[in-house]
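If you want the building blocks of each chain, they are given just below.
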Amino acid sequence: MPLGALLRLPLALARAALATLRGRLDALCWSLTPLSLSLSLPGWKRVSAPSPAAPESRRQEQEWDEPSPTPTSVNYHFTRQCNYKCGFCFHTAKTSFVLPLEEAKRGLEMLKEAGMEKINFSGGEPFLQDRGEFVGQLVQFCKQDLKLPSVSIVSNGSLIRERWFKKYGDYLDILAISCDSFDENVNVLIGRGQGKKNHVENLHKLRQWCREYAVAFKINSVINRFNVEEDMNEQIKALNPVRWKVFQCLLIEGENTGEDALREAEKFVISDEDFEQFLDRHKDVSCLVPESNQKMRDSYLILDEYMRFLNCRNGRKEPSKSILDVGVEAAIKFSGFDENMFLKRGGKYVWSKADMKLDW
């Protein structure tokens with residue numbers, strides 16, 4: 001494309017094009033560097049040797065001296081690509097990079113050796129990669145080879161087919177489907193839609209498949225300016241998920257807010273009081289699991305597409321070095337993970353479908 005034409009593109013489109021190019025360069029660098037991420041990849045933020053005079057450096061030194069937290073539950077965002085355009089998304093498509101399958105498996109084995117009990121695969125949209133085969137093989141590996149107690153996926157559900165359940169359902173404990181509204185007009189406003197497909201109708205179909213193939217069904221909802229007044233009691237009780245995770249819309253610098261972000265989520269943000277009112281309206285839903293911004297920010301162990309832990313303490317996602325380069329113990333020290341908050345918010349629960357004793 002001529003430079004003049006590129007300069008005339010809207011800023012958001014230009015950023016998206018550059019992000020895709022960067023992802024392709026990342027993949028090329030990876031292919032030239034087997035079993036290592038020692039090359040300086042575009043977008044790779046390395047933790048340099050700390051300077052004793054800098055406050056941030058002193059904080060890093062303190063973290064390094066502290067015992068490493070155990071990666072009991074890990075969220076692996078192995079892809080940033082998605083077929084939806086949710087306006088508040090806080091893990092946007094800044095690259096198109098996906099680790100080779102065997103490298104991803106190597107990292108997962110390292111995490112298991114470090115104490116991982118639960119893995120959650122997320123994105124982006126996990127079922128975009130190889131039409132669900134990539135995440136299916138990871139699910140099977142984690143359950144069959146690593147024998148993890150819990151393997152889960154978070155998906156928008158639009159690309160899941162029944163044949164996937166037939167092939168991989170036995171290895172999956174929990175399928176969480178993102179659904180922010182039971183009003184299709186609101187879903188369209190949010191960006192959670194794809195042409196003429198009805199998100200709510202698809203949600204009910206997935207619920208039935210989960211029942212037929214013995215997969216625990218979960219719903220994730222992000223409460224924002226467009227759905228904060230909605231009453232979802234009747235619909236949630238009818239679907240009867242094992243958990244209904246309700247998140248307060250969260251701003252992350254560089255993802256959904258700020259100059260280098262691909263989204264502008266400010267218009268979706270709600271106050272703490274608004275969030276509490278929504279929770280109060282749904283207090284009789286027994287499976288409700290609320291998560292405010294404060295609970296969310298430091299209580300999740302997040303791995304990005306390079307298997308770097310993402311530290312969200314400063315309102316951004318600051319990456320550690322990859323566990324594939326430095327190991328889990330060294331990388332996790334810079335994750336910002338608050339293990340006490342993880343336990344306080346109920347991060348550890350009955351998460352193996354073998355222990356749930358559900359009536360499928």
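As named in an unreviewed UniProt entry, the protein chain is S-adenosylmethionine-dependent nucleotide dehydratase RSAD2, taken from Rynchops niger. Turning to the protein chain, the UniProt record has this under Cofactor (unreviewed entry): "[4Fe-4S] cluster". Word for word, the UniProt comment on the protein chain under Subcellular location (unreviewed entry) is "Endoplasmic reticulum membrane".

A. Inspection of helix α10 (residues 272-281) at higher detail. Along α10, the residues that are buried comprise Asp274, Phe275, Phe278 and Leu279. Along α10, the residues classed as buried sweep out an arc of 140° about the axis, all on the same side. Those residues of α10 hidden inside the fold are in contact with β5 (216-223), β6 (243-248) and β7 (288-291).

B. Molecular detail of the pairing of β5. Burial analysis of β5 places 8 of its 8 residues in the buried class, which makes it a mostly covered element. Burial along β5 is two-sided: the residues Ala216, Lys218, Asn220 and Val222 and Phe217, Ile219, Ser221 and Ile223 are all buried. The pairing of strand β4 (residues 174-178) with β5 spans 5 bridges and is parallel. Bridging across to β5, leucine 175 finds its partner in phenylalanine 217. As defined by bridge partners, β5 adjoins β6 across 6 bridges and the pair is classed as parallel. What sits directly across from isoleucine 219, in β6, is tryptophan 244. Handedness of the crossover joining β5 and β6 through helix α9 (residues 233-239): right-handed.

C. Seen up close, a negative patch on the surface. A surface patch of like charges, here negative, comprises Glu253, Glu259, Glu264 and Glu266. For glutamate 259, a relative accessible area of 69% puts it in the exposed group.

About the cut-offs
Residues numbered from 1 in each chain as written. Predicted model: local features only at pLDDT ≥ 70, side-chain atom pairs only at ≥ 80, totals over all residues. Heavy atoms only, no water. UniProt positions renumbered as here; feature names shortened; annotations may be inferred. Buried < 20%, exposed > 50% of the residue type's maximum accessible area, 1.4 Å probe, protein only. Helix = DSSP H or I, 4+ residues; strand = E, 2+ residues; numbered from the N terminus. Arc of directions from axis to C-beta. Contact = heavy atoms within 4.5 Å. Pairing = 2+ DSSP bridges. Right-handed = clockwise from strand over helix to strand, strands pointing away. Patch = residues over 30% accessible without salt bridge, like charges linked within 9 Å, V, L, I, M, F, W, Y side chains within 5 Å. Areas by Shrake-Rupley, 256 points an atom, 1.4 Å probe, with all protein chains shown as cover. Salt bridge = Lys/Arg side-chain N within 4 Å of Asp/Glu carboxyl O. Lys, Arg positive; Asp, Glu negative; His and termini not counted. Charge placed at Lys NZ, Arg CZ, Asp CG, Glu CD.

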